[in-house]
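# Architecture at a glance
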Amino acid sequence: MIRCRSGGMAPAAKYGGFSFGGPGMSHRQPAADNGSGITNNTRFGFWNFVLNFKCVLGLQVVMYPIINLRKHKMDLYWYLRKLEEVVISVLSLTFSIHASRVEGLTRVWVGNEKVAAICIRVAQWITYHGLALNVTTNLSPFKWIVPCGIRGRQVGSFKGLLREAQSSCNDHGTSNLHGLDDDSLIHITHKSLIEEF
């Protein structure tokens, strides 16, 4: 299930047939034929992982991969770069948005705007927590604080970036995404994350 802060629940089937959640993490593993786009040929090549997603006020997509790094690469720097790479690919391939890394700041950036935060926990080489993507987030509260303690940088959202691309008439193939409602943008982001992961 997707757990929204408002307490509402959405069926897991709407988001690819996985169990989703916050504290009560799923222990289901995707099957090869479930139509989710996850196979042993994905970027990580994992069969032994669980993806948990949740919706925060319908504005962010939060992904919690649970992975045994002992079966892959016991290197947290490598793992953080792979998480960034997944988000950068989703932004590029799905939304035609050029995103990048900034040395020393583990996150995903579009220009001066942070669009994805990454925070992991690892115990005995098992990963917990993950990343949060600002899809349709209301950014006005971020003007009152220094997000993540990083001065001189802002917070952005996919929806805002798509709106900017439309207003600049330089949409590079995103015109079919401009008219989408928030739920559709979140669904597309969720689906793209699963396909890229």
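Data block above holds the structure.
Residues numbered from 1 in each chain as written. Predicted model: local features only at pLDDT ≥ 70, side-chain atom pairs only at ≥ 80, totals over all residues. Heavy atoms only, no water.

## Quick look at the nonpolar core
With 31 residues, the main nonpolar core has Leu91, Phe95, Val108 and Leu133 as its most contacted residues. Looking at this core, the elements with two or more residues in it are strand S4 (60–67), helix H1 (76–95), strand S6 (105–110), strand S7 (113–123), strand S8 (126–134), helix H2 (158–167) and helix H3 (182–196). It is H1 that provides the largest number of residues to this core, a total of 10 residues. Residues in contact with valine 108, not counting those within four places in the same chain, are Glu84, Val87, Ile88, Leu91, Ala99, Ser100, Glu113, Lys114, Val115 and Ala116. (Core = buried A, V, L, I, M, F, W, Y, C linked by side-chain atoms within 4.5 Å. Buried < 20%, exposed > 50% of the residue type's maximum accessible area, 1.4 Å probe, protein only. Helix = DSSP H or I, 4+ residues; strand = E, 2+ residues; numbered from the N terminus. Contact = heavy atoms within 4.5 Å.)

## A closer look at the packing of H1 against H3
As a packed pair, H1 and H3 sit with axes 9 Å apart at the nearest point and diverge in direction by 120 degrees. Judged on the interaxial angle alone, H3 and H1 are oblique. The way H1 lies across H3 gives a crossing that is right-handed. Seen from H1, the contacting residues are Val86, Ser89, Val90, Leu93, Thr94 and Phe95; seen from H3, they are Leu185, Ile188, Thr189, Ser192, Leu193 and Glu196. Per-class residue counts for the contact of H1 with H3 are seven nonpolar, four polar and one charged. (Axes fitted to C-alpha atoms, helices over the stretch in contact; angles between N-to-C directions. Parallel < 35°, antiparallel > 145°, perpendicular 65-115°, else oblique. Left-handed = near helix turned anticlockwise from the far one by under 90°. Nonpolar A, V, L, I, M, F, W, Y, C, P; charged D, E, K, R; others polar.)

## A look at the pattern of salt bridges
Evaluated as defined, the whole model comprises four salt bridges. Note that lysine 159 and aspartate 182 form a salt bridge whose closest N and O atoms lie 2.6 Å from each other. With lysine 159 in helix H2 and aspartate 182 in helix H3, this pair connects stretches of sequence that are 23 residues apart. Accessibility expressed as a relative area gives 26% for lysine 159, which makes it partly exposed. Under the relative-accessibility criterion, aspartate 182 is labelled partly exposed at 27%. Linked through salt bridges whose partners overlap, the residues forming this network are Arg81, Glu84 and Arg101. (Salt bridge = Lys/Arg side-chain N within 4 Å of Asp/Glu carboxyl O.)

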